[in-house]
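Geometric and topological summary
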Amino acid sequence: MLHIKGRVLVGPDAGGLAEDIRDELWVVDGRITYERPVAARDVRTIEGWVLPGLVDAHCHVGLDTHGAVDDSTSEKQALTEREAGALLLRDAGSPADTRWIDDREDLPRIIRAGRHIARTKRYIRNYAHEIEPEELVAYVAREARRGDGWVKLVGDWIDREVGDLAACWPRAEAEAAIAEAHRLGARVTAHCFAEETLAPLVEAGIDCVEHATGLTEETIPLFAERGVAIVPTLVNIATFPDLAKGGEKKFPRWADHMRRLHERRYDTVRAAYDAGVPIYTGTDAGGSLPHGLVGLEVAELVKAGIPATAALSAATWGARAWLGRPGLTEGAPADLVVYESDPRADVRVLTAPRRVVLRGRVVG
Ligand SMILES: [Zn+2]
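Residues numbered from 1 in each chain as written. Predicted model: local features only at pLDDT ≥ 70, side-chain atom pairs only at ≥ 80, totals over all residues. Heavy atoms only, no water.

**Section: the overall build of the chain**
The line we're drawing: Here a helix means four or more residues in a row that DSSP labels H or I, a strand means two or more in a row labelled E, and each is numbered from the N terminus. Radius of gyration here uses only the C-alpha atoms, and the compact-globule reference equals 2.2 Å multiplied by the residue count raised to the power 0.38. Throughout this description, buried means an accessible area under 20% of the type-specific maximum (1.4 Å probe, protein chains only), exposed means over 50%, and partly exposed covers the range between. Throughout, a residue-residue contact means that at least one pair of heavy atoms, one from each residue, lies within 4.5 Å. What sets the accessible areas is the Shrake-Rupley method with a 1.4 Å probe; for residues, cover comes only from the shown protein chains. Asp and Glu count as negative and Lys and Arg as positive, but His and the ends of the chain are not part of the count. Taken as the charge location is NZ of Lys, CZ of Arg, CG of Asp or CD of Glu.
Summing up its helical and strand segments, the chain has twelve helices and 20 strands in all. Relative to its length of 364 residues, the chain is compact, with a C-alpha radius of gyration of 20 Å against a globular reference of 21 Å. With the C-alpha coordinates aligned to their principal axes, the bounding extent of the chain is approximately 70 × 40 × 35 Å. Burial analysis of the chain (364 residues in total) assigns 55% to the buried set. Considering only residue pairs separated by 6 or more positions, the chain has 66% of its internal contacts joining residues 24 or more positions apart. For the chain, the exposed surface amounts to about 15100 Å²; the carbon and sulfur share of it is 48%. The averaged location of the 57 negative side-chain charges in the chain is 3 Å from the averaged location of its 46 positive side-chain charges.

If you want it as structure tokens, here you go:
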């Protein structure tokens, strides 16, 4: 039995307002309770500041730079997330079948988006189903059935003929595909870097946009009004200058575009936050970035000008509510992280958890 003492940050509520902080919680049979058990035996006590298990809402398990990886590599990726306190992962597209992870009590919980759906030759090799627009509805239906309530589109990518980022899907096909996903009970998200991609996808009914570097004064109100969430993946956007350098010679217009998106990234995220766009943390680990960076992503949101409590909520209370998973509520599975100091005072403490508790077991 676990007894966790100190400051338990149960939340702001979904509206971000009501602070709920307790002095202790108990873990009985893997679940959280705030009622002291009658017969408390073999009690292990942990002290510190407690948050719900962190959420990496955009990472990839089973994927590296070349495509699908073997199970032991996927296991290492999941364990690295766990060490960082990320106990709930939204997998934003993977060509590997990682369903076996669901049977492993010691690995983080994963909400899958199936495999990426991209336009032919318009994404990283070996990652996606590469298809044409007339096949989109069928592929979205297939991945909606394979995943855990999400489908992932590649909304824009470099068009080599244009020499710049360009949208991948005509509006009519996107709208039909998103409607089909909704009919099957799945939400749809899309990788989008460019400006022009956003409005048509939001009008087509999309639920979330990954990266969303192309948000502008025109599209931010549209996102806010429709409640379309963004997962900015700022730790990944930091690599844009290197990408631009690599592609500069062949695609100077694209390189210049990527640099401009990078330069205004913090302003973009801050403006979206100020307008009320829901924002969640994601690292994009598993493509070229390593796993376990969710704490750094929260720090990036703070750097963008988002208040610390809101940045924490993007990785904890808010993100869990958005994904339909509980936080530190009575009876919830005990997935939590304990820190040495108040993460609201300095979110950088997130990168060094004192203890990680998954399904009621101390795993780190
Ligand atoms: Zn990704």
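Read on for the rest.
**So, the sheet that holds strand S5 (residues 54-59)**
Operational definition: Whether two strands pair depends on DSSP finding at least two bridges between them. Note on geometry: axes are lines fitted to C-alpha atoms, helical ones only across the stretch in contact, with angles between N-to-C directions running from 0 to 180 degrees.
Taken together, three strands build an open sheet; the order of strands is S5-S8-S9 and the sheet is parallel. The sheet terminates laterally at S5 and strand S9 (109-112), the two strands that pair on one side only. Across the sheet, the mean angle from the axis of one strand to that of its neighbour is 20°, orientation sign disregarded.

**Thoughts on the pairing of S5**
Judged by how many residues are buried, S5 sits mostly within the fold: six of six residues are covered. Strand direction decides the pairing type here: S5 and strand S8 (residues 86-91), joined by four bridges, are parallel. By the bridge assignment, Val55 is partnered in S8 with Leu88.

**A closer look at the domain arrangement of the chain**
Frequently, the measure chosen for interface size is the accessible area that the parts lose on association. Selection criterion: An automatic or database domain assignment supplies the residue ranges for each domain. The term buried area refers to how much accessible surface (probe radius 1.4 Å) is lost by two components on association, counted for both of them together. Here, a salt bridge means any side-chain nitrogen of Lys or Arg that lies within 4 Å of a carboxyl oxygen of Asp or Glu. Here a polar contact means two N or O atoms within 3.5 Å. Within protein one must be a hydrogen donor candidate and the other an acceptor candidate, and residues neighboring in sequence count only if both atoms are side-chain atoms. Residues are grouped as follows: Ala, Val, Leu, Ile, Met, Phe, Trp, Tyr, Cys and Pro are nonpolar; Asp, Glu, Lys and Arg are charged; every other residue, Gly included, is polar.
What the domain assignment lists for the chain is domain 1 (2-51 + 327-362) and domain 2 (54-292). Its C-alpha centre places domain 1 at a distance of 31 Å from the equivalent point of domain 2. Between domain 1 and domain 2, the contact holds 13 residues from the first and twelve residues from the second. Between domain 1 and domain 2 the total buried area reaches about 940 Å² when both faces are included, carbon and sulfur atoms providing 56% of it. Here domain 1 is connected to domain 2 by one salt bridge. For Asp335, the salt bridge goes to Arg109, with nearest N and O atoms at 2.5 Å. There are three residue pairs in polar contact (both at pLDDT 80 or more) connecting domain 1 and domain 2. Among the secondary structure elements, those contributing two or more residues to the side of domain 1 that touches domain 2 are strand S18 (336-339) and strand S19 (355-358). Grouping the constituent residues of the side of domain 1 that touches domain 2 by class yields ten nonpolar, no polar and three charged.

**Comments concerning the coordination of the zinc ion**
Here is the rule we go by: Only N, O and S atoms count as donors, using a 2.8 Å cut-off from the metal and 3.2 Å for Na, K and Ca, and because water is excluded some sites may appear unfinished.
Here the zinc ion is held by the protein donor atoms His58 (NE2), His60 (NE2) and Asp284 (OD), which lie 2.0 to 2.1 Å from it. Sequence positions of the donors to the zinc ion reduce to the motif H-x1-H-x223-D. Take His60: its relative accessible area is 3%, and that puts it in the buried class.

**Section: empty space enclosed by the protein**
Heads up, the condition is: Grid points spaced at 1 Å over the protein atoms alone were grouped into cavities, where a 1.4 Å probe fits but cannot get out, and pockets, open sets with protein on both sides within 12 Å along at least five of seven lines, with lining residues defined by an atom within 4 Å of a point. Grid points are joined across faces, edges and corners, and a volume is the space filled by probe spheres set on the points.
Scanning all chains against the criterion turns up one cavity of 30 Å³ or more. Around the largest cavity, the lining residues are Leu9, Gly11, Pro12, Glu19, Asp20, Ile21, Thr309, Trp317 and Arg344. At the level of secondary structure, the elements contributing two or more residues to the lining of the largest cavity comprise strand S1 (2-12) and strand S2 (19-28). Per-class residue counts for the lining of the largest cavity are four nonpolar, two polar and three charged.

**A word on the environment of Gly155**
When you line up the elements, Gly155 lands in the loop between strand S12 (150-154) and strand S13 (156-159). Expressed as a C-alpha distance, the spacing of Gly155 and Ala174, which sit 19 residues apart in the sequence, is 9.4 Å. In this view, Gly155 contacts Ala166, Ala167, Cys168, Trp169, Ala190, His191, Cys192, Thr197 and Leu201; residues no more than four positions away in its chain are not counted.

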